[in-house]
Amino acid sequence: MDPLILSLWLIRFAFLALLYLFLFSVVRILLRDLRVAAREPSTQLGRLVVVASPSEEPPVGSVFALDAVTTIGRDVNNSVVVEDQFVSSEHCVLTFRGRAWYVEDLGSTNGTFVNSSPVDGTAPLGFGDELQVGNARMRLERAHR
Amino acid sequence: MTDAGVRSSISRLRTAGLRSGRRPVGQNVGRLGVTLALAFVVLAAGAGYWQVWRAQELSTAPDDPAVVAAARHVVRGQIKDRTGTVLAASRRDANGEPYRVYTDPSMSPVIGYASRFFGTAGLEHTYDAQLTGVLSPDPVQQLLAKFQGNRADPQDLTLTISLRLQRAAQRMLGGDKGAVVMLDPSTGEVLAMVSGPTYDASAVANPATAQKAFARLQADKDKPLLNRAVQGLYVPGSTFKIVTSMAALSSGAITTSTTYPQQPRAEETGLLVSGFRVRDGHHPFTDDRALNYPEAVEVSCNIYFALTGLRTGGARLADWAGRVGFGHQIPFDLPTAVSQVTNGGGKFGGGFKDAVEVANAAYGQAEVLATPIQMALVASTVANEGVEIKPQLVKSFSSDRDGTRTVGPQQMADVLTPDVAGEIKSAMERAVEGDFGKLFTPGAAVPGIPTAGKTGTAQLAAGEPHSWFIGFAPVDHPRVAIAVIVENAGHGASRAAPMAGDLMQLYFETFGK
Amino acid sequence: MTNAAAPARPALPPIVFGGIRPRARWREMWLLLIVALTLYVGSISLGATEAAAAGKSLTLSPAEDQPLAIYLGALLLAHLAQVVAGRRTDQVLLPATAMLGGISLLLMERLPQSLVSQSFGGLDLGLGQVQLLWLLLAIGLITILSIVVRSDSWLRLYKYTWAAAGIGLLVLTFIRGEDVNGARLILVIGPFSGQPIELLKVIMVVFLAGYLSEFRPLLVEQDTRVGPLRLPPLPYLAPMLVMIALALGIVVIQRDLGAALLFFVVFLMLLYVATARAAYVVLGLLLFVAGSYLMYRLFGVVQDRVDIWWDPFKDPSGNGYQIIQALHAFARGGILGTGLGAGLPLVGGQPPIPAVHTDFPFAALGEELGLVGVLAILGLYLVVIERGLRIAAAAADDFRALLAAGLALVVGVQAFIIAAGNLKLIPLTGITLPVISYGGSSILANAVVVGLLLALSDKGVEPPPPPRAGRRFARLRDAVGGRA
């Protein structure tokens, strides 16, 4: 066997092997990402960003990390407290069921709105949707991975 | 909130969930990812199909650019006969590009040609990749070839052909159209394969004369470019009675002592099959005695075999013919035409149309068509105790780098039990050596060596019949089997049988008794 | 509960200069290092093979591969630019694209340079050099887009404007375009020429993302009942019909089957992502089958392509020639390949496949890198797809999710269509292999795709790092305390 040819083939295989080294490195990164994502599933279901809040409580731009059940209302026992005269004490509840978010109006006086349309009982809520309680508007966003 | 209110809100929730509407996009994206991944798996499988499964076939096909490029510049390996006499070699033209020179025209139908303009034919086509050195016959060497400097490693081919026998057969055929196949029954090695008329392959290969020579060959109405030994389909006539014997004796339809009382009379009046008369001349030496199996073979009694065919039935006849190679492409170094017992499609067993067709097919007429190599294999199978060996033309491949790699014999089929083979053998011996046989088959017997065989006279719709002979010798431990056909040369006895006898005699002179 | 409601206060990296916060990108750096090493070794392999073929003694010394050096330099600059910009964008996408581009560069350097010749200011450039130029522009484009694009509103708000621009481009191509192999593909405006279809595919994705994200609720939740069938709301079927019309138009007007197939498949897939309704997909497929059959009957081009695909060996020296040569190339490659530069035997000074640099680079790579290399290249495309879909899944809202998914699909589906065409799995259509094929329009369009994906992948402000060390320390302390 010709030694020069042999070394030529070693170089060729080295090229192919390096291609696979690259893929291997990428796959390792992907798997690590997946593991990080899987590690904190329950604490990171989504977040609520305050878009408009005339009463300044909560202030515009504040971010609420959401649990599987998040209640919204004027009462201090709610997860998210909104100091607004048009908000009922127990206004509505956000729930995460299966893989989706739902909002349920708890019989509030002035109603709950998703993207400006009133919620009749329960309505599904998508990421990017805007939730309005009283004068406050909040956007549901995906939690950071 | 009332209980009813909660229930209704839950049920609405559920429907909304089932409708999966506002499900986050993420899950759909996941499914999409899986779909795409599967699509790419299909791509990988497609690549695997072409790069592994079909790789060998495509990359060594004669029209692959790599093979073509190699063929243009590489000096092809030599082709030699079994004793080492060079049959095909290469020379260089004025530009230094190689071209082929062939020593003997009798080899042309087998070796074919390698032409710069007209591609390749014959063994030059089949083993293009080996002769140009793109492909090694040894799989390990093939793998290692990647790591060796000069990838092209032209292989020399040593054929199983004996040039002496080949030349003699060609000479005996003379200007007649026809074919001769001689082979070793126990190894399948083809000792001679002649197709007449032949042609000068050197003229096709030589770039200076190629255009003219090829045009003339293509226009020739005798079709010299057709290798009749493997591509010619002929009515086999009485030689096919051996195939009928295989079916009848193996299936137990008859024994060697079976006789038909109506047979002697039918020789004079004709045999009535479903309102159609099968006619045969009367055999003058047998009086009015009903013949048994060996006697019927000895005198080649058509009536006996028509009756045997009917008793065996179309299905079993076609079945055993299939076992010995009819209806299939015979695996061989050259492309072979498919022999047939019937056109098929008929409602009678085995694809036959009716009983009349079976009766006629049983003695090799009707729609029976066979290639010479097929009939040589019939003789060879009987000779080799019923075991059919794959015929082969190449004895070994050799090159400087790989050394020599010999091609061993390969069993193709186990057709007959040794007992049945023995019964057919002794009947065929009587057909050559018997008291009556000698009269029907003059000149087939090799002096001093017990010979077996069967003549055939293939009746055609128009013109003189084809003259056939198949046989082998010596009877006890056969070393050579033969099939000879000469087109429109009359009775089997008149032309084919003496030719076969002379050729077998030459075999024993050449290779010892 | 009230703790969870506390607004998150992310820790920010230090500001170095005028509002810019550099951020190290270790993963990207490591992957780019592997890319550089791989391409360097590939270049040595190519050089050694070519030296051996030329009859010179075999040298394994580093090749003087100037184009590759320039390419790797540009990658380094792109990486540094990303670091300085300090956005939290994806770190895998750039290296994966760079690997594909590098493989393209090696291949184009290795093919006969005379396949393409262009002169820029008295400088005559061959295939490899022109491709290098496009790749450099592509890297620049990716870098600029990924750093500058912060808001998606310019895409989101003007979707109809984009759609109109796209259709205008199509019409312009029809009026002013030039034909290539019977397909109207190239648009020439002044000194510039290009294949508008490449840009059109990006515009299409932008429009579809805007449209589908806006009407998603309606498409999902409303029905039109026609007898027992539950069909999607009819008014919202309009874009579907427009898309089919567009695909038909591309076939009829441009005779460009590959682009039509790409558009329609991407559309159907995005529709599924948006609605998760199989009914749409089934309906779309039925329309596709009916449309294909109709076109097969009506258009000679379609019929030819399908017939060639069905049995190329019927006309091995005519219509079936290219695809048969491609299959032979794959076969010659086998499992390990012939090695870079050792494949593609020249017949009369020409490669056996005339359009090897545009339509058949996959076959060429299949021969030279073998099945092993083919699988690696497919893997690289899957990485790009995975990143795109991951970005989509993590996007903050529907528009961004659909946009990211669509961009990833455009690359993935296009790669599939041409690779499957090369492998005779589907009829061959003349579209490019993303990032690998020669051609400015194709490379720049894919650069736009990658650049936008990078911009979309920005995770915004960083959440506080998980208190991993602290937890470990706490565990340790507890353990010690437990024993004590």
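Draft legend 1. A look at the sheet that holds strand β8 (residues 117–118) of chain A. Residue and element names in this part refer to chain A. Sheet architecture is open: six strands sit in the order β2-β1-β11-β10-β7-β8, paired in antiparallel fashion. Strands at the two margins of the open sheet, each flanked by one partner only, are β2 (63–65) and β8. Sheet topology places strand β7 (residues 112–114) next to strand β10 (residues 130–133); three bridges connect them, and they run antiparallel. Counterpart to T112 in the pairing with β10 is V133.

Draft legend 2. Up close: the interface of chain A and chain C. Counting residues at the interface gives 38 residues for chain A, matched by 54 residues for chain C. Taken together, the two surfaces of chain A and chain C that pack against each other cover about 4,000 Å², and 70% of this comes from carbon and sulfur. Inspection of the chain A/chain C interface yields three salt bridges. When the shortest N-O distance is used, the salt bridge between R390(C) and D33(A) registers 3.8 Å. Looking at the side of chain A that touches chain C, the elements with two or more residues in it are α1 (3–39) and β2 of chain A. Residues belonging to the side of chain A that touches chain C are distributed by class as follows: 25 nonpolar, six polar and seven charged.

Draft legend 3. Geometry of unusual backbone geometry. Residues and elements named next belong to chain B. For the peptide bond that leads from G196 to P197, omega is -5°, which places it in the cis range. Of note, P197 is situated in the loop between β8 (190–196) and α10 (201–205). Here the residue pair A473 and P474 is connected by a cis peptide bond, since its omega of -15° sits within 30 degrees of zero. Note that P474 resides in the loop between β16 (466–473) and β17 (480–486). The phi dihedral of N488 is positive, around 50°, even though this residue is not glycine. Checked against the element boundaries, N488 lands in the loop between β17 and α22 (496–511). A relative accessible area of 38% means that N488 is categorised as partly exposed.

Draft legend 4. View of the pairing of strand β7 (residues 178–183) of chain B. Residues and elements named next belong to chain B. In terms of residue burial, β7 counts as a mostly covered element, since six of its six residues are buried. Residue alternation in β7 divides its side chains into two sets, G178, V180 and M182 and A179, V181 and L183, and both sets are buried. Bridge analysis of β7 against β8 gives six bridges, and the strand direction is antiparallel. In the sheet register, V181 faces β8, and the bridge partner there is M193. Linking β7 back to β8 in an antiparallel pair, the connection comprises six residues, with G188 at a positive phi of about 75°. Pairing analysis gives six bridges linking β7 to β17, with the strands arranged antiparallel. Residue pairing across strands places V181 opposite A483, the latter belonging to β17.

Draft legend 5. Seen up close, the environment of M138(A). Residues and elements named next belong to chain A. With respect to the helices and strands, M138 occurs in strand β11 (residues 136–141). Each C-alpha atom of the pair M138 and A52 lies 6.9 Å from the other, and the pair is 86 residues apart in sequence. Once residues within four sequence positions are removed from consideration, M138 is found in contact with L48, V49, V50, V51, I72, V80, V82, D129, E130, L131 and V133.

Draft legend 6. Here's a closer look at the packing of helix α3 (residues 93–110) of chain C against helix α13 (residues 361–394) of chain C. All names here are of chain C. Between α3 and α13, the shortest axis-to-axis distance is 9 Å and the interhelical angle comes to 155°. Taken together, the axes of α3 and α13 lie roughly antiparallel to each other. Classified by chirality, the crossing of α13 by α3 is left-handed. Of α13, the residues touching α3 (which contributes L93, A96, M99, L100, I103, L107 and R110) are P361, A364, L365, E368, I377, L380, Y381, V383, V384, R387 and I391. Classifying every residue of the contact of α3 with α13 by side-chain character gives 15 nonpolar, no polar and three charged.

Draft legend 7. Expanded view of the packing of aromatic side chains. Following the criterion strictly, the structure yields 20 aromatic pairs over all chains and no others. Arranged with centres 5.7 Å apart and planes meeting at 15°, the rings of F264(C) and F288(C) form a pair that is stacked. With a gap of 24 residues between them, F264(C) in helix α9 (residues 257–275) and F288(C) in helix α10 (residues 278–298) connect regions that are remote in the sequence. You can call F264(C) buried: its relative accessible area is 4%. F288(C) gets classed as partly exposed once you look at its relative accessible area, which sits at 31%. Put simply, the rings of Y260(B), Y293(B), Y304(B) and F305(B) pair up and form one aromatic cluster.

Definitions and limits used
- Residues numbered from 1 in each chain as written.
- Chains lettered and ligands numbered in written order.
- Predicted model: local features only at pLDDT ≥ 70, side-chain atom pairs only at ≥ 80, totals over all residues.
- Heavy atoms only, no water.
- Pairing = 2+ DSSP bridges.
- Helix = DSSP H or I, 4+ residues; strand = E, 2+ residues; numbered from the N terminus.
- Contact = heavy atoms within 4.5 Å.
- Buried area = accessible area lost by both parts, 1.4 Å probe.
- Salt bridge = Lys/Arg side-chain N within 4 Å of Asp/Glu carboxyl O.
- Nonpolar A, V, L, I, M, F, W, Y, C, P; charged D, E, K, R; others polar.
- Buried < 20%, exposed > 50% of the residue type's maximum accessible area, 1.4 Å probe, protein only.
- Axes fitted to C-alpha atoms, helices over the stretch in contact; angles between N-to-C directions.
- Parallel < 35°, antiparallel > 145°, perpendicular 65-115°, else oblique.
- Left-handed = near helix turned anticlockwise from the far one by under 90°.
- Phe/Tyr/Trp six-rings, centres within 6.5 Å; stacked < 30°, edge-to-face > 60°.

None of this, on its own, says anything about what the molecule does.
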